[in-house]
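Survey of secondary and tertiary structure
What follows is the residue order along each chain.
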Amino acid sequence: MTDARITVHAEAGIDRIEPELHGHFSEHLGRCIYDGIWHSQESDGDGFREDVVSLLDDLDMPVLRWPGGCFADDYHWEDGVGPREERPRRRNLFWAQDRDEVPEEPNAFGTHEFLDLCERVGAEPYLAANVGSGDPQEAADWVEYTCYDGDTELANRRRENGRDEAYEVRYWGVGNENWGCGGQMTPEQYAREYRQFATYIGAMSNQLLDYDLDLIACGFSEHEWNRRFMEALADANWVADFPLDHLTLHHYYGRTMSAVEAEREDYDQLLVEALELDDHVDRIAAAIDAVATTRDIGVIVDEWGAWHTEAVPEGGLEQPGTVIDALSAAAVLDVFNHHSDVMTMSNIAQTVNVLQCLVETAGDEAWARPTYRVFDLYAPHKGNEAVQTSVDTPTRDVEDDELPLVHASASVDDGETYVTMTNLDCRGTHTVELDVEGAASEFTDVDAAVLFEGQAPDLTVDANNADEFAAEDLDVTVESDTLTVELEPSTVAALSLQ
């Protein structure tokens, strides 16, 4: 007997699901860069970890954010270009590197290495400029160094450092968490700083480049801060258009919960906290609309994911990769699909070895985590049109909140409907009836896959069992235009319907 019903309104479009909604984030923190993406012992030559690069390439990453995070607002890009043996060793003000807890940055991995990585895996680069301890000239010089193809000292220095053709970097973040580690600024103070940086960076689009740069401001999860920032930013006589293309927020959840020692009530709380992103996106979009009524400004969630008690600075913010975290990622990606009309990007934290990473390494081995499997399963949504999806589901009270036990989203493209659904109930099975309004009277082709059947929420991944988390076929009962599936506890499913 079915106890949940999903109705896909195939003709009620929301907007295009930008591929960048499946973006990623890498910071000079713990083993993310060194030992994760780059062999820390390499002083020259190509030091990329080919096993990691291969996994990231297979994932078809749309965009990658770098170098931070808090690290970005004490990072000076010129330290990381030129011959590696001549690059200075600097402090890492906010994080220790590797597992030796050394608060130092060797600068072996810099601008060229990052941008070359993006080209290798087909990802758009997203660079975060230093506002906290930097200045507008440093940021404008970085744009010129990377993107200008003319005859200036900086463009020629790039050529001398091995790159003749200019990189095309579209996304430029103006600072990171400037309300916190990026300078403890008030929204009005950050607006003043942002104006200066946006003036110098933004002028590059009109003068030196033949494409427009996307300027990204770092907002806050306290939405009154965002409203005050937007009002202060608008209170100026701009010669050009409103100097902002995207406003961000960060959302971490599960910070009081152990990844592997949690009770089932903790799982419910984690998922409720993950789904709070739905309200956050609504509220930051409202703050934008209240001020910038004549400009289309996108919402970016450029840091998000599970952050557990195991993830502490002394351990490089590493935590086990579990099924429950992957389940939360599926729910969040559904939320992003629902908000495709306002969202332009997201970046899960972080790519390798840190927090809710997608890839983990140990010695000479690298493997995909359960969250990687979710991103892979959700990949067909990218570029589709999201459509309205109604879910009639049982719920569970979680303190002052309510957890929907079944969650879903859907998209359409060229006669195909792609539906993802999660059983957020880690305790029981739910039988789900799926109806697609506006589709043909009968489906001629139905493919279905499921993740994590028979796997406990706290099951962790390692090099030996990584393949066990791969998707498997899911049985579907088809009767005319209605389908029925049985979802075991804490599973994620995807159906392709034609």
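Presented here is an overview of the structure given in this document. Bear in mind the structure is a predicted one, so any value in this text is a computation, not a measurement.

Turning our attention to the pattern of salt bridges. In this structure the tally under the stated criterion is 27 salt bridges. Its salt-bridge partner being Arg49, residue Asp51 comes within 2.8 Å of it at the nearest N-O pair. Given a relative accessible area of 26%, Asp51 falls into the partly exposed group. Given the relative accessible area of 1%, Arg49 is considered buried. Taking the shortest distance from any N to any O, the salt bridge between Arg427 and Asp268 comes out at 2.6 Å. Pair noted here: Arg427 is in the loop between strand S18 (416-423) and strand S19 (430-437) and Asp268 is in helix H7 (residues 264-275), with a separation of 159 residues, a long-range link.

A few words on the sheet that holds strand S2 (residues 23-25). Within the closed barrel, the eight strands sit side by side as S2-S3-S6-S7-S8-S9-S10-S11. Their pairing is parallel. Sheet twist, expressed as the average angle between the axes of neighbouring strands with direction ignored, equals 25°. Where strand S3 (residues 63-66) and strand S6 (residues 124-129) come together, four bridges link them in parallel fashion. Looking at the pairing, Trp66 lines up with Leu127 of S6. Packing against the sheet, H7 makes contact with strand S9 (246-253) and strand S10 (298-306), and its axis sits at approximately 175° to S9.

Below, the discussion takes up helix H10 (residues 370-378). Within H10, eight of the nine residues are buried, which leaves the element mostly enclosed by the surrounding structure. Among all positions in H10, only Pro370, Thr371, Tyr372, Arg373, Val374, Phe375, Leu377 and Tyr378 are buried.

With that out of the way, let us pick up the environment of Tyr190. With respect to the secondary-structure elements, Tyr190 resides in helix H5 (residues 187-207). Classification of Tyr190 by relative accessible area gives buried; the value is 0%. Apart from the residues within four sequence positions on either side, Tyr190 is in contact with Val174, Asn178, Met185, Ala217, Cys218, Trp225 and Phe229. Side-chain polar atoms of Tyr190 contact the backbone oxygen of Val174, separated by 2.5 Å.

In this section: the side chain of Thr371. Here Thr371 lies in helix H10. There is a polar contact of 3.1 Å between the side chain of Thr371 and the side chain of Gln356. Once you skip the residues sitting within four places of it in the chain, Thr371 turns out to touch Asp325, Ala326, Ala329, Ile348, Gln356, Cys357 and Leu358.

For the bond running from Trp66 to Pro67, omega is 10°, close enough to zero to count as cis. One can find Pro67 in the loop between S3 and strand S4 (90-91). Looking along the chain, the bond that leaves Ala349 and enters Gln350 is cis, with omega of -15°. In this structure, Gln350 sits in the loop between strand S11 (343-349) and strand S12 (359-362). Of note in the backbone geometry, Glu177 takes a positive phi value of approximately 40° without being a glycine.

The subject of this paragraph is H5. Here H5 is 21 residues long and its end C-alpha atoms lie 30 Å apart, about the 30 Å a rise of 1.5 Å per residue gives. Bending of H5 peaks at approximately 25° at the position of Thr199. Looking at the buried residues of H5, the elements they touch are helix H3 (136-147), strand S7 (171-174), strand S8 (214-218) and helix H6 (223-234).

The tally for this structure, following the rule as stated, stands at three cavities of 30 Å³ or more. A volume near 60 Å³ is recorded for the largest cavity. Taken together, the elements giving at least two residues each to the lining of the largest cavity come down to S6 and H3. The dominant element in the lining of the largest cavity, judged by the number of residues it contributes, is H3, at three residues. Taken together, the residues of the lining of the largest cavity sort by class into seven nonpolar, two polar and two charged. Here the second largest cavity is characterised by a volume of approximately 40 Å³. Forming the walls of the second largest cavity are Gln319, Pro320, Gly321, Thr322, Asp325, Leu355, Gln356, Cys357, Arg369, Pro370 and Thr371. A breakdown of the residues in the lining of the second largest cavity according to their chemical character gives four nonpolar, five polar and two charged.

Under the counting rule described, the total for this entry stands at one disulfide. The disulfide partner of Cys70 is Cys181, and the S-S distance across this bridge is 2.1 Å. Note on the Cys70 and Cys181 pair: the S-S dihedral is about -90°, so by sign convention the disulfide is left-handed. Within this pair, whereas Cys70 is found in the loop between S3 and S4, its partner Cys181 is found in the loop between S7 and H5, the two being separated by 111 residues in sequence. Among the residues examined, Cys181 registers a relative accessible area of 23% and is labelled partly exposed. Free of any disulfide, Cys147 has its nearest cysteine sulfur in Cys118, 12 Å distant. The class of Cys147 is buried, set by a relative accessible area of 5%.

So, on to the packing of aromatic side chains. Per the stated rule, a full pass over the model turns up 24 aromatic pairs. With a centroid separation of 5.9 Å and an interplanar angle of 70°, the aromatic rings of Trp38 and Phe109 are classed as edge-to-face. Taken together, the residues span a long stretch of sequence, with Trp38 in the loop between S2 and helix H1 (50-59) and Phe109 in the loop between strand S5 (104-105) and helix H2 (111-121) at a distance of 71 residues. Across the pair, Phe109 and Trp38 agree in class, each one buried. On the basis of an interplanar angle of 0° and a centroid distance of 6.5 Å, the ring pair of Trp77 and Trp142 is categorised as stacked. On the criterion of sequence distance, the pair formed by Trp77 in the loop between S3 and S4 and Trp142 in helix H3 is long-range, its members being 65 residues apart. Under the relative-accessibility criterion, Trp77 is labelled buried at 2%. Put simply, the rings of Trp38, Phe48, Trp66, Phe71, Tyr75, Trp77, Phe109, Phe114, Trp142, Tyr145 and Trp172 pair up and form one aromatic cluster. When the ring centre of Tyr167 is taken as reference, the NZ or CZ atom of Arg163 above it lies at 4.0 Å. A cation over a ring is seen here: Arg255 above Trp307, with NZ or CZ 3.8 Å from the ring centre.

Rules used in this analysis
- Residues numbered from 1 in each chain as written.
- Predicted model: local features only at pLDDT ≥ 70, side-chain atom pairs only at ≥ 80, totals over all residues.
- Heavy atoms only, no water.
- Salt bridge = Lys/Arg side-chain N within 4 Å of Asp/Glu carboxyl O.
- Buried < 20%, exposed > 50% of the residue type's maximum accessible area, 1.4 Å probe, protein only.
- Helix = DSSP H or I, 4+ residues; strand = E, 2+ residues; numbered from the N terminus.
- Pairing = 2+ DSSP bridges.
- Axes fitted to C-alpha atoms, helices over the stretch in contact; angles between N-to-C directions.
- Contact = heavy atoms within 4.5 Å.
- Polar contact = N/O pair within 3.5 Å; in protein donor to acceptor, adjacent residues only side chain to side chain.
- Expected span 1.5 Å × (residues − 1).
- Bend = angle between axes of the 7 residues up to and from the residue.
- 1 Å grid on protein atoms, 1.4 Å probe; cavity = no way out; pocket = protein on both sides within 12 Å on 5 of 7 lines; lining within 4 Å.
- Points joined across faces, edges and corners; volume = space filled by probe spheres on them.
- Nonpolar A, V, L, I, M, F, W, Y, C, P; charged D, E, K, R; others polar.
- Disulfide = S-S within 2.5 Å.
- Phe/Tyr/Trp six-rings, centres within 6.5 Å; stacked < 30°, edge-to-face > 60°.
- Lys NZ or Arg CZ within 6 Å of the ring centre and 35° of its normal.

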